[in-house]
Amino acid sequence: MKKDFLTLSDWSREELEQIFELTRELKEKQKRGEEHQLLKGKTLGMLFEKSSTRTRVSFEVGMFQLGGHALFLHSATTQLGRGEPIKDTGRVMSRYVDGIMIRTFSQQGIEELARCSDIPVINGLTDLYHPCQIMADLVTVIEHKGNYRDLSYCWIGDGNNMANSWINAAAIFGFELRIATPKGYEPDAAVMARAAKLGAKILYTNDPMEAARGAMVLNTDVWASMGQEAEQKERELAFTGFQINRDIVALADPGCIVMHCLPAHRDEEITNEVIEGPHSVIFDEAENRLHVQKAIMATLMG
Ligand code: CP
Ligand code: NVA
């Protein structure tokens, strides 16, 4: 039976650890220039209803390196943007390509797409989740800290798609996560409730300093996500103080690493100084999107 990558929660810890292992192998092969064409002759359809730099380029290049081909399809120039139902899109795409990566608004929409497609569907970001990014982030943690376990993770900022996926990761992998958001900008209530039921070790606070104290991994994201541009001004007021800066880094573990999925608004949610500073692993994190997504595609489509 085909498997999709719509949310981390559909996967077990063991299965995700296998993806980390395959990522390491594929990355080493790519760096050494060794053949690793696990998807020779296969095609990925990439559906975008939102902008992207990293996701588009890393999936397209990843598919090429695996010996396959990727098609960039934007809603503005496909019939999806003119109202063709997602279920018809999925049925038709299933006749042409071997997998779909989609970036869109609604998580229900990609679940529907997955239900009516005979081929694997990968979530390249929705309003609710960004699972490929969290996989790349954890690969980056493993590379820099030797392991992802027994570390304390801190999220400062918006309770958005990234925060929701971090909550899922904490529930699956069992690490400690502290999330600081302004009041009214908490993560998704159902996501929090499910993680609590699974016994996840997560602290929710409105105090960024409480979240950062002693943490090994500091993470943030923009205050206004794609689709929330009209709220930018009001969010700037609400999020004042929810910034990763030198004071926050000084409260964390001296060996801490700082992450950001990018694109960043420098000197809003994170200072330019911290992005360019010695704790930042942000560009390794961006690179690892390529390697981890190759492993995800090889697992689903190989
Ligand atoms: N981090 C991330 O998904 O970047 P893009 O929006 O550029 O794809
Ligand atoms: N939370 C951001 C992530 C971008 C990669 C957004 O959804 O716009």
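Note that the structure is a prediction, hence the values are computed from the model and not measured. (Residues numbered from 1 in each chain as written. Chains lettered and ligands numbered in written order. Predicted model: local features only at pLDDT ≥ 70, side-chain atom pairs only at ≥ 80, totals over all residues. Heavy atoms only, no water.)

A. Spatial organisation of the nonpolar core. Phe-5, Leu-138, Tyr-153 and Trp-166 are the most contacted members of the largest nonpolar core, which totals 59 residues. Among the elements that make up this core, the one with the highest residue count is helix α6 (residues 161-173) (eight residues). In this structure, Ala-180, Ala-212, Leu-262 and Ile-282 belong to the second largest nonpolar core, which totals 23 residues. (Core = buried A, V, L, I, M, F, W, Y, C linked by side-chain atoms within 4.5 Å. Buried < 20%, exposed > 50% of the residue type's maximum accessible area, 1.4 Å probe, protein only. Helix = DSSP H or I, 4+ residues; strand = E, 2+ residues; numbered from the N terminus.)

B. Broad picture of the site of ligand 2. The immediate surroundings of ligand 2 are formed by Leu-125, His-130, Asn-160, Asn-161, Asp-221, Ser-225, Met-226 and Leu-262. Interatomic distance of 3.3 Å between a side-chain N/O atom of Asn-160 and a nitrogen atom of ligand 2. With respect to ligand 2, the side chain of Ser-225 contributes an N or O atom lying 2.7 Å from a nitrogen atom. Here ligand 2, which alone exposes 270 Å², has 95% of that area covered by the protein. (Near = heavy atom within 4 Å. Polar contact = N/O pair within 3.5 Å; in protein donor to acceptor, adjacent residues only side chain to side chain. Areas by Shrake-Rupley, 256 points an atom, 1.4 Å probe, with all protein chains shown as cover.)

C. Quick look at the side chain of Asp-137. The residue Asp-137 is located in helix α5 (residues 131-145) in this model. The buried charged residue Asp-137 lacks any salt bridge, with Arg-289 as its nearest oppositely charged partner at 7.0 Å. When neighbours within four sequence positions are excluded, Asp-137 is seen to be in contact with Met-162, Trp-166, Asn-219, Met-259 and Glu-285. (Lys, Arg positive; Asp, Glu negative; His and termini not counted. Salt bridge = Lys/Arg side-chain N within 4 Å of Asp/Glu carboxyl O. Contact = heavy atoms within 4.5 Å.)

D. Looking closely at the site of ligand 1. Near ligand 1, the surroundings consist of Ser-52, Thr-53, Arg-54, Thr-55, Arg-103, His-130, Gln-133, Cys-261, Leu-262 and Arg-289. Arg-54 is positioned such that a nitrogen or oxygen atom in its backbone is 2.8 Å from an oxygen atom of ligand 1. Within the side chain of Arg-103, an N or O atom sits 2.8 Å from an oxygen atom of ligand 1. If ligand 1 stood free it would expose 260 Å²; the protein chains cover 95% of that surface.

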